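# Report on the structure
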Amino acid sequence: MAALSGVPWIRPLRRLLSHLNGSGRQAGGCRRVSVNIPSCGAQQLRKLSGGPGGEAGVASPWRLFGALCLQRLPVIAQKPSAIEEQFAQLTRQMDLENSLFSDHELRLQEEAERMRRKKDDYDSDEEDSAGQDIITAEDLEDSWEQRFKKVQPSLVFKETSELNLGSADRCLADSLLLLARQRVVDQDLWLLPQMQWQAGETLRHTAERALASLPGSGFKATFLGNVPCGVYKYKFPENVRTESCVGAKVFFFKALLSTHSDSPPQDSLMWLRKDELQSYLRPAYLEKVNRFVLNF
């Protein structure tokens, strides 16, 4: 230790350590840091959460709703656009120019050549088969054309199914969204299916309850997560608004239609494309819905 005392940096280090030890001690031990939160802030948090424990025990003046954004994905391929049609036609033309003749096309050429020789009397073998019934390639094409005209397209391609707004089987090439006619205060409005939140359940459970309450109750859906995809907030009319009930907050949950029953369409339900929503939803409500509704 005597040897270390001669090192020049030992004494300053000892003085620094002794200063820190002396200044950091108090009569009560280590120095304390205050982390007190003002009582008004804690009370405000309780009031915002709507739970008990506030100064006056006041609950939230907003009613909570869980809404269901139920989409039916396309069932068949969509109709190609104009540029897709042009590209398909160009591809078919290139394949045709680079391909070989099929057996049917070769037969057509042989028969055309045989008919030309028959007119010019260059082929005497045609006389031997004059009394036989010969089915030519052109006869086959005519029979195929007649059979094609008898084919009836499926009902999914008919325009009558496009006009039935209450059917989930309309517009099979597009993505559809379910709307329900619901009573809001004193009006009947077209909205996404919704139910009021009840104590003891999550908002997703509320949206699932809205699905189960639909007329017919034959819908089964797959929910896409537990977090709302959007929120819509509105105030009640002044004639029904009170201090304890100002308005409502609607939390939307996305879900995809899995199966549905073949029950007759309900008048209180509609399946609409995204471009058809503006005719039934209010502008402020539609603006919120368009943020999370996508076409697949």
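Please refer to the structure higher up on the page.
What you are looking at is a predicted structure, and each value in this text was computed from that prediction instead of being measured.

### Some thoughts on helix H3 (residues 82-98)
Spanning 17 residues, H3 covers 25 Å between terminal C-alpha atoms, matching the ideal 24 Å at 1.5 Å per step. The buried fraction of H3 amounts to 0 of the 17 residues, a small share that puts the element mostly on the outside.

### Topic: the pattern of salt bridges
Overall, the coordinates contain 10 salt bridges when judged by the stated rule. In this structure, arginine 183 and aspartate 188 form a salt bridge, with 3.3 Å as the shortest nitrogen-oxygen distance. On the accessibility criterion, arginine 183 (56% relative accessible area) is exposed. Through salt bridges with shared partners, a single network forms among Arg170, Arg273, Asp275 and Glu276.

### Quick look at the packing of aromatic side chains
The tally for this structure, following the rule as stated, stands at 7 aromatic pairs. Seen from their ring centres, tyrosine 232 and tyrosine 285 are 5.1 Å apart, and the 80° between their planes marks the pair as edge-to-face. Separated by 53 residues along the polypeptide, tyrosine 232 in strand E6 (residues 230-235) and tyrosine 285 in helix H7 (residues 283-290) bring together distant segments of the chain. There is no split in this pair, since tyrosine 232 and tyrosine 285 are both buried. Look at phenylalanine 252 and tyrosine 285: their rings are 5.8 Å apart centre to centre, the planes differ by 75°, and that puts the pair in the edge-to-face class. Of this pair, phenylalanine 252 sits in strand E7 (residues 247-259) while tyrosine 285 sits in helix H7, and the two are 33 residues apart along the sequence. Tyrosine 285 matches phenylalanine 252 in its accessibility class, with the two residues each being buried.

The rules behind each value
- Residues numbered from 1 in each chain as written.
- Predicted model: local features only at pLDDT ≥ 70, side-chain atom pairs only at ≥ 80, totals over all residues.
- Heavy atoms only, no water.
- Helix = DSSP H or I, 4+ residues; strand = E, 2+ residues; numbered from the N terminus.
- Expected span 1.5 Å × (residues − 1).
- Buried < 20%, exposed > 50% of the residue type's maximum accessible area, 1.4 Å probe, protein only.
- Salt bridge = Lys/Arg side-chain N within 4 Å of Asp/Glu carboxyl O.
- Phe/Tyr/Trp six-rings, centres within 6.5 Å; stacked < 30°, edge-to-face > 60°.

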